Amino acid sequence: MVSTFYAVRLPESSAADIDKLAKNFAFEPMSIAMPAGFEKQEVRKVNKAYQHIEAWISSVGAGIAVNDIDGDGLDNDLCVNDVRIDQAVVTPAPTRKDKYAPFALNPAPLGTSKTMAPMGCMPGDYNEDGRMDLLVYYWGRTPVIFVNKGEKGKPPTAASFTPTELLPGKRGAKYTGPLWNSNTAAVADFDGDGHDDIYIGNYFPDSPVLDPSKDGDVTMNASLSHAQNGGGGHFFRWTKNGYEKTDDAIPQGLNKGWSLGASAADLDGDRLPELFLAHDFGTSALLYNTSTPGKIRFSQVKAVHSGTVPKSKELGRSSFKGMGVDFGDLNHDGIYDMFVSNITTSFGIQESNFAYISQADSKEELAGRFKKGEAPYKDESSDLRLAWSGWGWDVKMGDFDNNGDLEITQALGFVKGKNNRWPQLQELATANDALVPNPLWWPNVKHGDDLAGSQRMRFFAKDADTGEYVNLSVALGLGEPVPTRGLATGDADGDGRLDLAVARQWGEPIFYHNVSENPGSYLGLKLTHPDGSPVVGAEVCVELPDGSKRVARLDGGGGHSGKRSTDVHIGLGKGVSGPLDAMVTWRDRTGEVHEQKLKLTPGWHSLELGTQVKEK
């Protein structure tokens, strides 16, 4: 028995390993200001059919985004989704010297109700006027775009934003439209026409989840491993007359998943972004982009089935609980890899995170495999020591010490309380699928109950000697035993060091100011169209003096409930000072693809991408 224990126990890093890597990082925790005057809650009011699982229904919604909302040139504005007051709040980053009063985004005069709650905030220039707007998605209503009318360079106020329906419908003080229950969003130019489109992922099907006056007309997932009765996804294609909803982009069999995360990136080099859907209760999928201008289309690609790899760890066949996803080049081969959060709690629900590493030798090979319906990615999470962490949520990759390797941050934890509910949840996990959709059969998870409530977020750094990742969160002061949800990165003070903002479920959000003392060189890029909008999907590939390459994209926003800034940040390593060869690739506003070689010195650059690159 002792031998078996040592053979199967989860790997742990030594104190020496942790100390060796932790010295490269330092973070200063800072409080985030929130507006006063709102009544605070500790659990949500829910449909009567959900009352015995009110804590479960109240387990999502904390989110955070980092961006330059006021146009002062710094990512020093935050949009925080605070479940304690059920408000999406605009507030200054704590590093900002000219602080302004935080304020909530009010959808009125659009229709509102007492049974709606914001779930996330997505910055983006949705009307292409050079100012960052804010898209807020909700449970209990369709999303709202808060159009930014503020003066550039001046601190924002509530009056700076005009609420506009993403999905037009009846007008009135009381909301009477579709009861969407949205939990994720992604922004990218999906159809390649030169304009950004929007994906909204819903969790519950349209239903009165947060209406305590109702008893029923709601459901839970029809399976714990491959449920297909969720809210599914909706695409909104940009047109000159506003966004147009399109309903036939997602392949049948995937369009009714329980969406918790989504992220987009051009994987095969055709400048059309692929989309990964992280669906709870299984059915997560990588979608290959086959769109043409004016028509968004995707087809699913899967790993080639192998007798040597468990089906649950094959891309496109997993039955795990997909919670969050991010793209980044983890092995420096110029092709993006994927990290997917799942539930990985020892002696609870022991699944596995996924570190899907590309097995293709080139983007050309990857494109050919995609056309055959194949996804040549292999989960290497076990070998990299990334497989097990806890009840995972959002994940964001970034180079926090500028050494050239990406770190991985991961939000963890479910509901915090005193009454352990793991035994009852494990019984549910073995229940017949015929019972699971009915909330009546779910065990109590009420206010005060606990499921993974003391888990600590992860900060994984790569050990250059072994190639394995080590969790440094506790050593760096990031690992408080509080459930976390959304993660957002951005350089709030322009010093070249990525900062980290964290949304906590039923707790104070927190900002971790990067104060690492001896980071490497970096390249920071602000990439805009001539109209001032971020060039979402633009890619930068930099060649380092040793011949190796680093690649990064301008992310329009994705993941679970955290949205990184729309700047591009690339760590270069120590001692890099001279001009570097860089290739910039982008689509202009006509949809035409361009690429241009540049010589860029380390530091910040503002580049205007029209038909050619123009440094501002």
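Residues numbered from 1 in each chain as written. Predicted model: local features only at pLDDT ≥ 70, side-chain atom pairs only at ≥ 80, totals over all residues. Heavy atoms only, no water.

- Looking at an unreviewed UniProt entry, one finds the protein chain named CRTAC1 family protein, with Streptomyces litmocidini as its source organism.

1. Here's the deal with the overall build of the protein chain
Working step 1: The helix and strand inventory of the protein chain stands at 6 helices and 39 strands.
Working step 2: The C-alpha radius of gyration of the protein chain comes to 23 Å, within 12% of the 25 Å expected for a compact globule of 616 residues.
Working step 3: Across its three principal directions, the C-alpha atoms of the protein chain cover 70 × 65 × 50 Å.
Working step 4: Looking at the protein chain residue by residue over its 616 residues, the buried ones come to 62%.
Working step 5: Of all intrachain contacts in the protein chain linking residues separated by at least 6 positions in sequence, the fraction that spans at least 24 positions is 64%.
Working step 6: As displayed, the protein chain offers around 22,900 Å² of accessible surface, 50% of which is attributable to carbon and sulfur atoms. (Helix = DSSP H or I, 4+ residues; strand = E, 2+ residues; numbered from the N terminus. Rg over C-alpha atoms; globule rule 2.2 N^0.38 Å. Buried < 20%, exposed > 50% of the residue type's maximum accessible area, 1.4 Å probe, protein only. Contact = heavy atoms within 4.5 Å. Areas by Shrake-Rupley, 256 points an atom, 1.4 Å probe, with all protein chains shown as cover.)

2. Examining the pairing of strand S28 (residues 484-490)
Working step 1: Counting buried residues along S28, 7 of its 7 residues qualify, which places the element largely inside the surrounding structure.
Working step 2: Across 5 bridges, S28 lies against strand S29 (residues 499-504) in antiparallel orientation. In the sheet register, Thr489 faces S29, and the bridge partner there is Leu500. (Pairing = 2+ DSSP bridges.)

3. Notes on the side chain of Ser259
Working step 1: Relative to the elements of secondary structure, Ser259 occurs in strand S14 (residues 258-265).
Working step 2: Of the residues examined, Ser259 reaches a relative accessible area of 1% and is grouped as buried.

4. Focus on the confidence of the model for the protein chain
Working step 1: Confidence in the prediction of the protein chain, expressed as mean pLDDT, is 95, and 98% of residues score 70 or more.
Working step 2: Segment residues 4-8 is flagged for pLDDT under 50; beyond a separation of four residues in sequence, or across chains, it makes 0 contacts in the model. (pLDDT = per-residue confidence, 0-100.)

5. Re the pattern of salt bridges
Working step 1: Evaluation of the coordinates by the stated rule reveals 35 salt bridges.
Working step 2: One salt bridge connects Asp248 with Lys295, and the closest N-O pair in it is separated by 2.6 Å. Highlighted residues: Asp248 in the loop between strand S13 (242-246) and S14 and Lys295 in the loop between strand S16 (285-289) and strand S17 (298-301), separated in sequence by 47 residues.
Working step 3: Judged by its relative accessible area of 47%, Asp248 falls in the partly exposed class. (Salt bridge = Lys/Arg side-chain N within 4 Å of Asp/Glu carboxyl O.)

6. A look at the state of the cysteines
Working step 1: Scanning the entire structure with this criterion turns up 1 disulfide.
Working step 2: With its sulfur 2.1 Å from that of its partner, Cys79 forms a disulfide with Cys121. Classification of the bridge connecting Cys79 and Cys121 rests on its S-S torsion, roughly 95°, and on that basis the disulfide is right-handed. With a gap of 42 residues between them, Cys79 in strand S3 (residues 77-82) and Cys121 in strand S6 (residues 117-124) connect regions that are remote in the sequence. Of the two residues, Cys79 and Cys121, both sit in the buried class. (Disulfide = S-S within 2.5 Å.)

7. Points about the environment of Asn202
Working step 1: Position of Asn202 among the secondary structure elements: in strand S11 (residues 197-202).
Working step 2: Those residues in contact with Asn202, other than ones at most four positions away along the chain, are Trp180, Asn181, Ser182, Asn183, Gly231, Gly232, His234, Gly257, Trp258 and Ser259.

8. Focus: helix H6 (residues 422-429)
Working step 1: Buried within H6 are the following residues: Trp422, Leu425 and Leu428. Along the long axis of H6, the arc covered by the buried residues comes to 115°, so they all point the same way. (Arc of directions from axis to C-beta.)

9. Overview of the packing of aromatic side chains
Working step 1: For the coordinates displayed, the defined rule picks out 27 aromatic pairs.
Working step 2: Between Trp258 and Phe281, the ring centres sit 6.1 Å apart and the planes meet at 85°, which makes this aromatic pair edge-to-face. Highlighted residues: Trp258 in strand S14 and Phe281 in the loop between strand S15 (274-280) and S16, separated in sequence by 23 residues. Residues Trp258 and Phe281 agree in their burial class; the two are buried.
Working step 3: On the numbers, 6.4 Å between centres and 65° between planes, the contact of Tyr522 with Trp604 is edge-to-face. Of the two residues, Tyr522 sits in strand S31 (residues 521-528) while Trp604 sits in strand S38 (residues 603-609), which places them 82 residues apart along the sequence.
Working step 4: Using a relative accessible area of 26% as the deciding quantity, one classes Trp604 as partly exposed.
Working step 5: Within the aromatic cluster, the residues linked to one another by ring pairs are Tyr50, Trp139, Tyr203, Phe204, Trp258 and Phe281.
Working step 6: One Lys or Arg, Arg141, reaches over the ring of Tyr138 and ends 6.0 Å from the middle of that ring. (Phe/Tyr/Trp six-rings, centres within 6.5 Å; stacked < 30°, edge-to-face > 60°. Lys NZ or Arg CZ within 6 Å of the ring centre and 35° of its normal.)

10. Looking at empty space enclosed by the protein
Working step 1: Scanning the entire structure with this criterion turns up 5 cavities of 30 Å³ or more.
Working step 2: Taken together, 28 residues make up the lining of the largest cavity; nearest its centre are Met397, Gly398, Leu406, Ala552 and His569.
Working step 3: Of all the elements in the fold, those that place two or more residues in the lining of the largest cavity are strand S18 (324-328), strand S22 (392-398), S28, strand S33 (549-553) and strand S35 (568-573).
Working step 4: Surrounding the second largest cavity, 24 residues form its lining, Asp189, Pro273, Val536, Gly537 and Ala538 being those nearest its centre.
Working step 5: Elements supplying a minimum of two residues to the lining of the second largest cavity: strand S10 (182-188), S14 and strand S36 (580-587).
Working step 6: Taken together, the residues of the lining of the second largest cavity break down into 12 nonpolar, 4 polar and 8 charged. (1 Å grid on protein atoms, 1.4 Å probe; cavity = no way out; pocket = protein on both sides within 12 Å on 5 of 7 lines; lining within 4 Å. Points joined across faces, edges and corners; volume = space filled by probe spheres on them. Nonpolar A, V, L, I, M, F, W, Y, C, P; charged D, E, K, R; others polar.)

11. Some remarks on the sheet that holds strand S20 (residues 354-358)
Working step 1: The strand order S18-S19-S20-S21 describes an open sheet built from 4 strands, whose pairing is antiparallel. The open sheet is flanked by S18 and strand S21 (377-379), the only strands paired with a single partner. Recorded for the sheet is a direction-independent mean angle of 20° between the axes of neighbouring strands.
Working step 2: The sheet contact formed by strand S19 (residues 337-341) and S20 spans 3 bridges and is antiparallel. Residue pairing across strands places Phe339 opposite Ala355, the latter belonging to S20. (Axes fitted to C-alpha atoms, helices over the stretch in contact; angles between N-to-C directions.)

12. Notes on a nonpolar patch on the surface
Working step 1: A surface patch of nonpolar side chains, about 340 Å² in accessible area, is lined by Leu435, Leu440 and Trp441.
Working step 2: With relative accessibility at 34%, the residue Leu435 sits in the partly exposed group. (Patch = residues over 30% accessible without salt bridge, like charges linked within 9 Å, V, L, I, M, F, W, Y side chains within 5 Å.)

13. Quick notes on helix H4 (residues 363-371)
Working step 1: Those residues of H4 that sit buried are Lys363, Leu366, Ala367 and Phe370. Angular distribution of buried residues about the axis of H4 spans 100°; they occupy a single face of the element.
Working step 2: Within two residues after H4, Gly373 carries a phi angle of roughly 85°, on the positive side.

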